[in-house]
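# Topology and contacts: notes
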2 protein chains.
Amino acid sequence: MAPGGRPRAFEPEVALDAAVETFWRHGYEAAGLAELTEAMGISRPALYRFFGDKTQLFRTALERYIERNMGYVENALAMPTAREVAEAFLTGNAEAVTAPGRPPGCLSVQAMVTDEADVFSLLAENRRAIQGRLTDRFRRAIDDRDLPPDEDAEELARFLITLTTGFAIRAADGEPRHALLALAHRAVVVFAQPGSAEHRKAALPSPRRDS
Amino acid sequence: MAPGGRPRAFEPEVALDAAVETFWRHGYEAAGLAELTEAMGISRPALYRFFGDKTQLFRTALERYIERNMGYVENALAMPTAREVAEAFLTGNAEAVTAPGRPPGCLSVQAMVTDEADVFSLLAENRRAIQGRLTDRFRRAIDDRDLPPDEDAEELARFLITLTTGFAIRAADGEPRHALLALAHRAVVVFAQPGSAEHRKAALPSPRRDS
DNA sequence: TCAGTAACGTATCGATCGGTACGTAACCAA
DNA sequence: TTGGTTACGTACCGATCGATACGTTACTGA
């Protein structure tokens, strides 16, 4: 019934990668259609025909970014001990946000500062998903006696996410890889060394509930 | 010789505070003139006559933001020990980025994601200045035998700045105050590295300064 | 009363934003 | 060749961006 029409004049994956890099470097709003189309090497209507509007393009770009540049998350979650999970997660992130030949920082964080509610919540959901997987992993570590029984798995996960968020901003700020790696190695001391579970007593005077 | 003309119809400080809040909530680029003028309660030409262009307004707003919402920095630097400096700095920041009645997060961080080079470098300079003062403080702590002689003062300062940067983003992300405070208390254990067990004993909840 | 001065705000500037209408070009099947 | 189909890109849309021109209003001192 319907034979193929005129063939595409560009490689969708190449164009998408260019979009990823543009969003990565400038965030969502600051990445204009003009810059996007120029980087992707296609015309504006071509972008809309293949990728939908700017928001949909960003969704697709974020998916690709995650699967191509956030592999360190899976890698870290597969580590045998909680401490190794944390170290792999932090160092993997430090390396990802300072990858040579790529924009410094993290697409998710660069694009987070936006008024577009759907883009923001998309990124928030992604971050929450990772934090949830880390939490689950640390809960398992508690069950396995790899972490103290009174340890707060959710708080540990939140600590890691918060630190990597900071890494992303600092990398965009020009901080070199070795500096972030040093911070990563330093931060894992928060994961109690075997035999010293007492840091929690000293560190937490009393739980506070104010907002 | 020159008599006064028509009197001003607005309070400059009130208008400036409104500008601070707008930049705080949306960052630099996303805070449009329409929103700024509406929040400030003045017309567009009035803004330009009194505050110069948008960049100059931002400079002034940043100055005011620093002097009104970053008092915790001075407070922290005045603490007697390195660990207390760190704890006061982190908790002070956690409280500042979750201050009730104010936008969550930090103006400096919200506005950091921008293409405007001069705004970016202005913020980077501010961050570097704080990091420098923390570094100096920790160097002094090393001289005073308050920190181990082989400690890296600059790295400690970088650790704190990176963490507070993360706090700012997470606060904007909706993280409640108590969660960030818990992270703050947890993070100061890096100041009780193995080998100096007595740093740990002295950990007490420090006096608090709300601004 | 009146000239001088300065802040007021409407109405508008050119540039750029995200998004499309539409005529054209390139493929396939008959 | 011809009709159907699909991608191509120029040229444009209304809205909004930051920034101003300019006529008006309110105050002061002579």
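Attention here is on the structure that accompanies the text. None of the values given here were measured: they were computed from a predicted structure.

## A short note on the overall build of chain A
Looking only at helices and strands, one finds 11 helices and zero strands in chain A. In chain A, the succession of helices and strands from N to C terminus is α-α-α-α-α-α-α-α-α-α-α. For chain A, buried positions account for 53% of its 211 residues. Of the contacts formed within chain A by residues at least 6 apart in sequence, a portion of 68% connects residues at least 24 apart. Carbon and sulfur atoms form 50% of the exposed surface of chain A, whose accessible area is close to 10000 Å².

## Details of helix 10 (residues 177-187) of chain B
Taken across its 11 residues, helix 10 of chain B has 10 buried, putting it largely inside the fold. Every buried residue of helix 10 of chain B is listed here: B:Arg177, B:Ala179, B:Leu180, B:Leu181, B:Ala182, B:Leu183, B:Ala184, B:His185, B:Arg186 and B:Ala187.

## Re the relation of the copies chain A and chain B
If you rotate chain A by 180° and push it 0.0 Å along the axis, it lands on chain B with an RMSD of 0.1 Å. The transformation relating the two chain copies, once decomposed into turn and shift, fits a two-fold axis. The C-alpha atom lying nearest the rotation axis in chain A is that of A:Gly166; the distance is 2.0 Å. Interface overlap between copies is the fraction of interface residues in one copy that are interface residues in the other; for chain A against chain B it reaches 85%, indicating a shared surface.

## So, the interface of chain A and chain B
Counting residues at the interface gives 47 residues for chain A and 47 residues for chain B. For the chain A and chain B pair, buried surface summed over both sides reaches about 4200 Å², with 62% attributable to carbon and sulfur atoms. The three residues of chain A that bury the most area against chain B are A:Val113, A:Arg170 and A:Arg186, which together make up 17% of that side's buried surface. The shortest N-O distance in the salt bridge between A:Glu151 and B:Arg186 comes to 2.7 Å. At the boundary of chain A and chain B, one finds 12 residue pairs in polar contact (both at pLDDT 80 or more). At the level of secondary structure, the elements contributing two or more residues to the side of chain A that touches chain B comprise helix 7 (107-110), helix 8 (117-143), helix 9 (153-172), helix 10 (177-187) and helix 11 (199-203) of chain A. In terms of residues, the side of chain A that touches chain B owes the most to one element, helix 9 of chain A, which gives 13 residues. When its residues are assigned to classes, the side of chain A that touches chain B shows 23 nonpolar, eight polar and 16 charged.

## What to know about the packing of aromatic side chains
Residues and elements named next belong to chain B. Using the criterion set out here, one finds 15 aromatic pairs over all chains in the structure. Taking 5.7 Å as the distance between ring centres and 80° as the angle between the ring planes, the aromatic pair formed by Phe 10 and Phe 50 counts as edge-to-face. In this pair, Phe 10 sits in the segment before helix 1 (12-26) while Phe 50 sits in helix 3 (residues 44-51), placing the two residues 40 residues apart along the sequence. By relative accessible area, which is 17% here, Phe 10 ends up buried. Here Phe 23 and Tyr 28 contribute two aromatic rings whose centre-to-centre distance is 5.9 Å and whose plane-to-plane angle is 10°, an arrangement assigned as stacked. Pair check on accessibility: Phe 23 and Tyr 28 agree, each one buried.

## Digging into the packing of helix 6 (residues 82-96) of chain A against helix 10 of chain A
Residue and element names in this part refer to chain A. In the contact formed by helix 6 and helix 10, the axes pass within 9 Å of each other and the chain directions differ by 170°. One finds that helix 6 runs roughly antiparallel with respect to helix 10. Helix 6 and helix 10 meet at a crossing whose hand is right-handed. Touching Glu 87, Leu 90, Thr 91, Ala 94 and Glu 95 of helix 6 are Arg 177, Leu 180, Leu 181, Ala 184, His 185 and Ala 187, all from helix 10. For the contact of helix 6 with helix 10, the class distribution of residues is six nonpolar, two polar and three charged.

## Describing the protein's contact with DNA strand C
Near DNA strand C you find 24 residues, and of these A:Leu33, A:Tyr48, A:Lys54, B:Pro45 and B:Arg49 are the closest. For DNA strand C, the fraction of atoms within 4 Å of the protein that belong to sugar or phosphate moieties is 58%. Within the side chain of A:Arg6, one N or O atom sits 3.3 Å away from a sugar or linking oxygen of DNA strand C. Counting only elements with at least two residues in the surface near DNA strand C, the list comes to helix 3 (44-51) of chain A together with helix 3 of chain B. Partitioned by chemical class, the residues of the surface near DNA strand C number 11 nonpolar, six polar and seven charged.

## Points about the protein's contact with DNA strand D
Taken together, 26 residues surround DNA strand D, and among them A:Pro45, A:Arg49, B:Leu33, B:Tyr48 and B:Lys54 come closest. Counting only the atoms of DNA strand D within 4 Å of the protein, the fraction contributed by sugar and phosphate is 61%. Within the backbone of B:Leu33, one N or O atom sits 2.7 Å away from a phosphate oxygen of DNA strand D. Listing elements by their share of the surface near DNA strand D, those giving two or more residues are helix 3 of chain A together with helix 3 of chain B. The leading source of residues in the surface near DNA strand D is helix 3 of chain A, at four residues.

Cut-off values and rules
Residues numbered from 1 in each chain as written. Chains lettered and ligands numbered in written order. Predicted model: local features only at pLDDT ≥ 70, side-chain atom pairs only at ≥ 80, totals over all residues. Heavy atoms only, no water. Helix = DSSP H or I, 4+ residues; strand = E, 2+ residues; numbered from the N terminus. Buried < 20%, exposed > 50% of the residue type's maximum accessible area, 1.4 Å probe, protein only. Contact = heavy atoms within 4.5 Å. Areas by Shrake-Rupley, 256 points an atom, 1.4 Å probe, with all protein chains shown as cover. Least-squares fit on C-alpha atoms with pLDDT ≥ 70 in both. Buried area = accessible area lost by both parts, 1.4 Å probe. Salt bridge = Lys/Arg side-chain N within 4 Å of Asp/Glu carboxyl O. Polar contact = N/O pair within 3.5 Å; in protein donor to acceptor, adjacent residues only side chain to side chain. Nonpolar A, V, L, I, M, F, W, Y, C, P; charged D, E, K, R; others polar. Phe/Tyr/Trp six-rings, centres within 6.5 Å; stacked < 30°, edge-to-face > 60°. Axes fitted to C-alpha atoms, helices over the stretch in contact; angles between N-to-C directions. Parallel < 35°, antiparallel > 145°, perpendicular 65-115°, else oblique. Left-handed = near helix turned anticlockwise from the far one by under 90°. Near = heavy atom within 4 Å.

The values are spatial; any link to function lies outside them.
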